[in-house]
Number of protein chains: 2
Amino acid sequence: MVNEFELRLSKVRMAMTEARLDAVLVGSTVNLFYLAGGVCRGYMYIPVDREPVFFVIPPAEPAGEFSARIRKPEQIPDLIAEKGYDIPARVGLEFDDLYYSEIERLRKVFASSEIADGSRVMRRARLVKTPYEVDRMREDGLRHCAVYSRIDSCYREGMTDLEFQIEIEHVLRMEGCLGFLRVAGSRMEINMGSLLAGPNADVPSPYDFSMGGAGVDPSLPVGASGIIMKPGMSVMVDMNGGFNGYQTDMTRCWTVGEAGEKALRAHECSREILRDLESFARPGVETGELYRRAARIAEEAGLSSYFMGHSNKVAFIGHGVGIELNEAPVLMGRDRTLLEENMTLAIEPKFVIPEVGALGVENTYVVTDGGLENLTPFNENLAAL
Amino acid sequence: MVNEFELRLSKVRMAMTEARLDAVLVGSTVNLFYLAGGVCRGYMYIPVDREPVFFVIPPAEPAGEFSARIRKPEQIPDLIAEKGYDIPARVGLEFDDLYYSEIERLRKVFASSEIADGSRVMRRARLVKTPYEVDRMREDGLRHCAVYSRIDSCYREGMTDLEFQIEIEHVLRMEGCLGFLRVAGSRMEINMGSLLAGPNADVPSPYDFSMGGAGVDPSLPVGASGIIMKPGMSVMVDMNGGFNGYQTDMTRCWTVGEAGEKALRAHECSREILRDLESFARPGVETGELYRRAARIAEEAGLSSYFMGHSNKVAFIGHGVGIELNEAPVLMGRDRTLLEENMTLAIEPKFVIPEVGALGVENTYVVTDGGLENLTPFNENLAAL
């Protein structure tokens, strides 16, 4: 793992150089997990041209020369000076990953330094996965698929959407899913994923997910609403993979009874979009073009009014995924990110037909020289439950 | 519910007056839920002496004269001015509930105002629950107890701690637990609660929970570790209640086979502490005194070295609870908060005996004139599984 962390560090440093930072101080759970390989308490101080120092807060124990125990971040400047390091002229702090009060406290720790956004640097470093990370996601995807192969057997006639979801959650947990879903930003709250049946798919939610749903309580207005699944409804299962610190994102749909013609057409259109993007997307392609191609295919199929929502539409067809469910880039029309090898993307062209429900497929992919490799290879048919 | 929200508003305004704020702008999920009765997207602007204005972001719809649709917070000052409101001289923003980047954006929206901490104001307002909130927590507690009455039946000999936890999670979800556990701060990540068996209870965790546990993956190092539960071990179940937007916090312990003498003594000491505090705690009592009494009782029983952890101790015996699992106050020795009627407290005097496991009881209480009312009334005996 030594080389793995050297590799990650070199990616962080490259992003620091682009952002003209002399150092970053990383303290968020997610970025410390990335840099240290495990969730821990403390701060990782990374100068652009010197060895990083890991300041650990008990109960963690320091290990090695470049690790020191602290009780509070105010001790950091003296300890940096003891190492012979200069106080950085410009230091990155995690503006999008730490609460205001914590950044204000750290700003005082570096009172003589200019502070700049370190979240962007970490996001840039994490945008392209290392081969080790891709392997973790490949493993996660296979375990995710193994759970999806048991979804049929979770269904019983007359169930509510929520009961169906709970049975799938149970299988996920028994197969090793950690349950806790790490998401970025403050507008995402969910329990292990989303299951949408029938007209509930067309109920908007205040959260930033691609699909909505009423939920069963105003304190968590998203996903399954407790309705009984009935013939004529589609059932969209977008439940969490997350077995090893990395996540894959995957959606499949079923119907109760036979699928109607429109449902089938929407579902097949989603698959057509995925096939198109799988061969089109490769290093150098602009992400915005993925969105535009998808929207064009939906339009040509006469399905624009259902594309990415009906009464409430979202303006993206996918997103980066990795340690967090929602990472950079966001696959929306105006995004200018250029794809690179080993970016990992969840692509989810979905349709909401109000009287039927949600249709479509979501896979998690890794960008390779030859196109997209599917990390969630599982039957995409719209099968009857 | 109109009077309920008037009541909450009056509590916020009282806290604003104490903090000398002319207005607060509330945008966090948890505080909007408190003020609006449901999770929604937008900002609630509360002047200290005028009607609040709710700025909603689609898909939410404005309702009534004091509600307006916005696309972004930069529209707020003009809309405030249109209402004939002054721009506030001193405005509270949620320093502990919003990320740095969002506060910096809002700071520019109120470029001519002094900004101050609005999180503290909201925490102060929410510290004492309304009678309606206490009723929601009372309901939550009863549903929580109903699940605990089925925990025995989840156990099968030879199970791992994690398998046991997963069966309890399943019962929780089937009984209506929402699953997603709302916690405050950035150092808490967990899936529906914690179950600790045997020596795993003495493994420290980097998170801010009262107890540790190794977890099953370095990406989530807390709680059940996958060990098989064996005779001589205690099993501590601290699984989430959370059925209606409010939470109760509750812990019970079991043993595999017969309890040893030391385990039984520790468990009974926890109950003795609770009985003592139930009659001692009442409006006007300092919370720090609750901690000190508990520590004294543990010391008199010769159990200090196991009290609130063994290899890693925490310095509190409980915390406020409500919409979030961990609210103010923190019941630690140096806390000077004075108890008030309708504060809700989770009190959790726990012991970790390294070779045996964790022991003790946690209840959620509401402070009344006559002492503490237990919202989680359920058999506290240390029973054999």
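Notes on the structure in this doc start here. As the structure is a prediction and not an experimental result, all values here were calculated from the model. (Residues numbered from 1 in each chain as written. Chains lettered and ligands numbered in written order. Predicted model: local features only at pLDDT ≥ 70, side-chain atom pairs only at ≥ 80, totals over all residues. Heavy atoms only, no water.)

Okay, the overall build of chain A next. Check the secondary structure of chain A and you find 9 helices and 17 strands. Once the C-alpha set of chain A is aligned to its principal axes, its extents read approximately 70 × 40 × 35 Å. Across the 385 residues that make up chain A, the buried fraction comes to 62%. Long-range contacts, defined here as pairs at least 24 residues apart, represent 66% of the contacts in chain A between residues at least 6 apart. As presented, chain A carries roughly 14100 Å² of accessible surface, and 51% of it is formed by carbon and sulfur atoms. (Helix = DSSP H or I, 4+ residues; strand = E, 2+ residues; numbered from the N terminus. Buried < 20%, exposed > 50% of the residue type's maximum accessible area, 1.4 Å probe, protein only. Contact = heavy atoms within 4.5 Å. Areas by Shrake-Rupley, 256 points an atom, 1.4 Å probe, with all protein chains shown as cover.)

Overlaying chain B with chain A gives an RMSD of 0.0 Å, the required rotation being 180° about an axis along which the chain moves by 0.0 Å. Seen this way, the second copy is the image of the first under a two-fold rotation axis. With an isologous cut-off of 70% or more, the 100% of interface residues of chain B that recur at the interface of chain A puts this contact in the isologous class. (Least-squares fit on C-alpha atoms with pLDDT ≥ 70 in both.)

A few words now on the environment of Pro283(A). All names here are of chain A. With respect to the helices and strands, the residue Pro283 is situated in the loop between α8 (261–280) and α9 (287–300). By relative accessible area, which is 32% here, Pro283 ends up partly exposed. Sequence separation of Pro283 and Gly38 is 245 residues, and the distance between their C-alpha atoms is 30 Å. Aside from chain neighbours lying at most four places away, what touches Pro283 is Leu339, Glu340, Glu341, Val367, Thr368 and Asp369.

Many structure descriptions define interface size as the accessible area lost when the parts assemble. Counting residues at the interface gives 56 residues for chain B and 56 residues for chain A. Around 4800 Å² of area is buried between chain B and chain A when both sides are counted, 55% of it from carbon and sulfur atoms. Area buried by chain B at its contact with chain A is led by Tyr99(B), Tyr100(B) and Arg173(B), which between them contribute 17% of it. At the junction of chain B with chain A, the criterion picks out 8 salt bridges. One salt bridge in this structure joins Asp208(A) and Arg41(B), with 2.5 Å as the shortest N-O distance. Run the count over chain B and chain A and you get 32 residue pairs in polar contact (both at pLDDT 80 or more). Of all the secondary-structure elements, those providing two or more residues to the side of chain B that touches chain A are α2 (29–36), α4 (100–109) and α7 (161–174) of chain B. The leading source of residues in the side of chain B that touches chain A is α7(B), at 9 residues. (Buried area = accessible area lost by both parts, 1.4 Å probe. Salt bridge = Lys/Arg side-chain N within 4 Å of Asp/Glu carboxyl O. Polar contact = N/O pair within 3.5 Å; in protein donor to acceptor, adjacent residues only side chain to side chain.)

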